Every structure is written in C-alpha cells, then in structure tokens.
Amino acid sequence: MSESTTELSYRRILLKLSGEALMGDAEFGIDPQVIRRIAGEIGELNHAGAEVAIVIGAGNLFRGAGLAAAGMDRVTADHMGMLATIMNSLAMQDALEQRGMYARVMSAIKINQVCEDYIRRRAVRHLEKRRVVIFAAGTGNPFFTTDTAASLRAVEIDAELLIKATKVDGVYSADPVSNPGARRYERLSYDEVIQQKLGVMDATAIVMCRENHMPVRVLDMMKPGALMRAARGLQEGTLVSG
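Everything in this summary refers to the structure shown in the same document. (Residues numbered from 1 in each chain as written. Predicted model: local features only at pLDDT ≥ 70, side-chain atom pairs only at ≥ 80, totals over all residues. Heavy atoms only, no water.)

Before going further, it helps to examine the pattern of salt bridges. What the rule picks out here adds up to 19 salt bridges. Close ionic contact of Arg74 with Asp78 constitutes a salt bridge, the shortest N to O distance being 2.9 Å. A residue pair is termed a helical-turn pair when its members lie 3 or 4 positions apart in one helix, as Arg74 and Asp78 do in helix 3 (residues 74-98) at four residues. The structure contains a network of salt bridges with shared partners spanning Arg11, Arg12, Glu51 and Glu160. (Salt bridge = Lys/Arg side-chain N within 4 Å of Asp/Glu carboxyl O. Helix = DSSP H or I, 4+ residues; strand = E, 2+ residues; numbered from the N terminus.)

It is the contact of helix 5 (residues 146-156) with helix 7 (residues 203-211), at a shortest axis distance of 7 Å, that shows an interaxial angle of 15°. Between helix 5 and helix 7, the angle falls in the class roughly parallel. Crossing hand, helix 5 versus helix 7: left-handed. Contacts between helix 5 and helix 7 involve Asp147, Thr148, Ser151, Leu152 and Val155 from the former and Thr204, Ala205, Met208 and Cys209 from the latter. Its residues assigned to classes, the contact of helix 5 with helix 7 shows five nonpolar, three polar and one charged. (Axes fitted to C-alpha atoms, helices over the stretch in contact; angles between N-to-C directions. Parallel < 35°, antiparallel > 145°, perpendicular 65-115°, else oblique. Left-handed = near helix turned anticlockwise from the far one by under 90°. Contact = heavy atoms within 4.5 Å. Nonpolar A, V, L, I, M, F, W, Y, C, P; charged D, E, K, R; others polar.)

A separate point is the environment of Val200. Mapped onto the elements of the fold, Val200 is located in the loop between helix 6 (190-195) and helix 7. By relative accessible area, Val200 is classed as buried at 5%. Each C-alpha atom of the pair Val200 and Gly225 lies 21 Å from the other, and the pair is 25 residues apart in sequence. When sequence neighbours within four positions are dropped, the list of residues in contact with Val200 reads Asp147, Lys164, Val171, Val193, Ile206 and Val218. (Buried < 20%, exposed > 50% of the residue type's maximum accessible area, 1.4 Å probe, protein only.)

One broad trend across soluble globular proteins is that nonpolar side chains are buried collectively. In this structure, Leu17, Ile42, Ile54, Met92 and Leu96 are the most contacted members of the largest nonpolar core, which totals 40 residues. Within the second largest apolar cluster, 30 residues are counted, among which are Ala154, Val171, Met201 and Cys209. (Core = buried A, V, L, I, M, F, W, Y, C linked by side-chain atoms within 4.5 Å.)

Bringing helix 5 into the picture now. For helix 5, the buried fraction is high: eight of the eleven residues fall into the buried class. Thr146, Asp147, Thr148, Ala149, Ala150, Ser151, Arg153 and Ala154 are the residues of helix 5 that are buried. As for helix 5, its buried residues are in contact with strand 1 (12-17), strand 2 (51-56), helix 3, strand 5 (132-136), strand 6 (161-166) and helix 7. Asp158 lies just past helix 5 and shows a positive phi near 60°.

Glycine aside, a negative phi is what most residues show, and trans is what most peptide bonds show. With a phi close to 60°, Asp158 is a non-glycine residue in the positive phi region. Unusually for a residue other than glycine, His213 sits at a positive phi of about 55°. Using a relative accessible area of 67% as the deciding quantity, one classes His213 as exposed.

A word on the packing of aromatic side chains. Under the defined criterion, the tally for this structure stands at one aromatic pair. Ring centres 5.4 Å apart and planes at 90° place the aromatic pair Tyr118 and Phe135 in the edge-to-face group. One end of the pair, Tyr118, is in the loop between strand 4 (116-117) and helix 4 (120-128); the other, Phe135, is in strand 5, with 17 residues separating them in the sequence. As far as burial versus exposure is concerned, Tyr118 and Phe135 are alike and both buried. In this arrangement the basic side chain of Arg153 is found over the ring face of Tyr118, its NZ or CZ atom lying 3.8 Å from the centre. The ring of Phe135 carries Arg153 above its face, with NZ or CZ at 5.9 Å from the centroid. (Phe/Tyr/Trp six-rings, centres within 6.5 Å; stacked < 30°, edge-to-face > 60°. Lys NZ or Arg CZ within 6 Å of the ring centre and 35° of its normal.)

Moving on, we come to the side chain of Asp147. Structurally, the position occupied by Asp147 is in helix 5. Under the relative-accessibility criterion, Asp147 is labelled buried at 12%. Apart from the residues within four sequence positions on either side, Asp147 is in contact with Lys16, Lys164, Val200, Met201, Asp202 and Ala205.

What follows is the structure in structure tokens.
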C-alpha cells in the first residue's frame, strides 16, 4: 500500500454518484469532459492509497420511477433502470482505465458478457489489489434505490466512509437555489436527517447506515479536491453520523 495512505483518515471509501452528475450542463446522457474529470478525482484517491468503490445512479439515462408513475409496471421500469446503471458503470470503467487505473464493474444482475457478477469476497479482493470497483444494477431488486444499494454495498465491503456526491456543497435546511436563506449543516445525526426529512438519501439507506454506524459525507462533486479533503477527514460538505 502507498506510504501516502497515512495522510488519509479513511482507507476504504464507497462513492455514490447520481446519474445526473455525469450529464454536466446537458439535459441527457454523459458529458465526456465531466466523466473524465470525475475519473481524475477518483484517480487521486487511488494514487493516495485509498480503496475506492462506486455506485452510480441512472437519472441521466432513465427514470424508472417516472415511467412507473405514468402507468408502466414498476418492476419492469426498475429493471430498465438497473440496465441504465450498467451503461453508466461501463462508461466510468472506461474513463478510469484511460487514466491508467484498473477497474472492475460488478453487476447485481447477471450480464456476464459485459461485466462480472457481484460476489462480495471477490469485490473485497479487487479492492485489496487497489482496483476501483463499480457496483452496477443497484441491489438487483425492484423497489430499492441506488442510494440503498450504496449503503448496502458500503456495509458489505466494510467501507469506512460513504460519500454521497451531489451538485450542492452539503445538506441544507431548504433548497438553496429557491431559498437563498437556507442554512447549510456541517454535521447531522441520522435521526435528524430522518425526522426533518432532509432528503440526503432515502430513508431505507439512512436507516441502514445508522444501524451499521456507517458515516455519510455529502459534498459537491463539482468542487475540485472535495473527494480528497473528505478522505483526509477534513471539513467538506456535511457529515451525517451518530
């Protein structure tokens, strides 16, 4: 392991990215410049000695909940959303490999010709070998969000920190765009997030983090160096913990 690991407060990190984070300023799809920049930030963590896993949403390509609300069968819509997360994961794998890193996509549903099946012990071994592991297809089950998948995988791989990367620099008391007077929190408890319905992650994900003492750091993915600051234990965004 790199000697620079001593600079890190967290050795194994799970990064939750929304699909929208990959769009940049576009309304749909993947912005190549944005995904390359994110890959560069992850590369800095990897080079510093961190073991990094990623869960990516699918909102840039597909919104299963929206189609379900419009009348599509919810299970079918969620399965389509899982496939969209695999597309995003493959794109991230390519961006990481172009940066000289080793990356593996592991899917919760069987799609062996394009990526590996998710097997916990194999995922941990990849991480120990300093490969970036990208968990695709959510939990493999309908009705569960990729937020819940991120908390589940973080617990399963014994991550020390779950980073929820967003487009804002932490958790606010209200939408900071429509309410300039909204207060930004530096620290919250799991119960405060649930009771105040702050929308950090869905309730199932937060409860899972609470029950397994998994700290969650909410930060702005577009801010250069934010990931590294979080990994070093510095104040960045909002920390949700016990």
